[in-house]
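The residues making up each chain are set out below.
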Amino acid sequence: MPNNPCERLLVATTNADKLREIRGVLLDIPCALVTLQDLAPVPEPEETGLTFGENARLKATYYASRLVDPLGEAERARVLTVAEDSGIAVDALHGEPGVRSARFVRPDATYPERMAELSRRLAALPDKPRTARYICAVTVIRDGKVVYETTGAVEGEIATEPRGTGGFGYDPIFYYPPYKKTLSEVSQEDKRLVSHRGHAFRRLAEWLRWLHAHETKK
Ligand code: IMP
């Protein structure tokens with residue numbers, strides 16, 4: 001029996017928009033994809049990290065310890081848990097909102113409110129560039145240990161007003177110059193091709209294929 005080193009991949013995110021994008025990238029991987037919805041509910045961890053990498057590690061470690069560690073030893077070794085932390089960093093605001101992107105303004109603020117606040121802050125700095133980037137950090141845990149980490153980023157600008165209906169979060173004000181559109185105005189496929197999440201998860205997919213090729217025992 002071949003012994004698949006990544007029989008199952010638990011994608012540990014509670015964000016349905018992120019999950020849709022991640023699924024769209026992880027199409028040809030040698031592992032069955034499992035989501036938090038497939039497993040017993042657990043509370044979300046508090047994101048106390050100061051960097052995207054710290055938060056990705058914190059989330060992956062937390063979900064693996066709650067959901068995968070209780071499995072038997074042999075099964076546990078063949079389940080990988082992946083988590084990501086992402087956000088938008090605006091240069092003129094010294095990288096804000098950064099790791100606080102999902103809590104910017106107030107934890108229960110709407111995205112129109114958050115985007116309006118970003119626009120207001122940038123309008124007060126007319127001489128500063130409107131450059132920004134989305135960043136996505138990814139961590140994979142196996143058997144309690146970090147076995148893979150990567151990041152992805154996409155450079156853009158904060159548009160003067162929201163445009164488009166696709167995507168999620170800050171996409172209506174994230175203008176991507178090569179497309180001459182915001183990431184809310186492009187198809188899911190076009191966003192995946194250039195986005196921080198697309199880049200990071202394509203690297204993960206490559207690593208999974210490498211792992212499968214090198215560690216599968218006949
Ligand atoms: P967290 O990783 O759970 O802290 O949440 C990341 C937050 O960053 C999201 O809730 C969005 O506010 C923002 N964000 C991350 N990626 C994207 C994206 O692809 N489009 C728009 N907003 C994003």
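Now for a quick tour of the structure. (Residues numbered from 1 in each chain as written. Predicted model: local features only at pLDDT ≥ 70, side-chain atom pairs only at ≥ 80, totals over all residues. Heavy atoms only, no water.)

1. Some words on the pairing of strand S5 (residues 145-158)
So the rule is basically this: Pairing between strands requires that DSSP locate at least two bridges from one strand to the other. Each helix is a run of H or I in the DSSP string that is no shorter than four residues. Each strand is a run of E no shorter than two, and both are numbered from the N terminus.
Strand direction decides the pairing type here: strand S4 (residues 131-142) and S5, joined by twelve bridges, are antiparallel. Opposite Ile 141, over in S5, you have Val 146 as the bridge partner. Both S5 and strand S6 (residues 174-176) contribute to a ladder of two bridges, which runs antiparallel. Directly across from Glu 157, in S6, lies its bridge partner Tyr 175.

2. Topic: the layout of surface pockets
Defined as follows: Using protein atoms alone on a 1 Å grid, points that fit a 1.4 Å probe yet trap it form a cavity, whereas open point sets bounded by protein on both sides within 12 Å along at least five of seven lines form a pocket; residues with an atom within 4 Å of a point count as lining. Grid points are joined across faces, edges and corners, and a volume is the space filled by probe spheres set on the points. For this classification, the nonpolar set comprises Ala, Val, Leu, Ile, Met, Phe, Trp, Tyr, Cys and Pro, the charged set comprises Asp, Glu, Lys and Arg, and every other residue, Gly included, is treated as polar.
Here the largest pocket defines a volume of roughly 580 Å³. Lining the largest pocket are 29 residues; nearest its centre among them are Asn 15, Lys 18, Glu 47, Ser 86 and Ala 102. Residue assignment for the lining of the largest pocket shows that the elements contributing at least two residues are helix H2 (52-68), strand S3 (79-90) and helix H6 (196-215). Among the elements that line the lining of the largest pocket, the one with the most residues is S3, at five residues. Split by residue class, the lining of the largest pocket holds ten nonpolar, eight polar and eleven charged.

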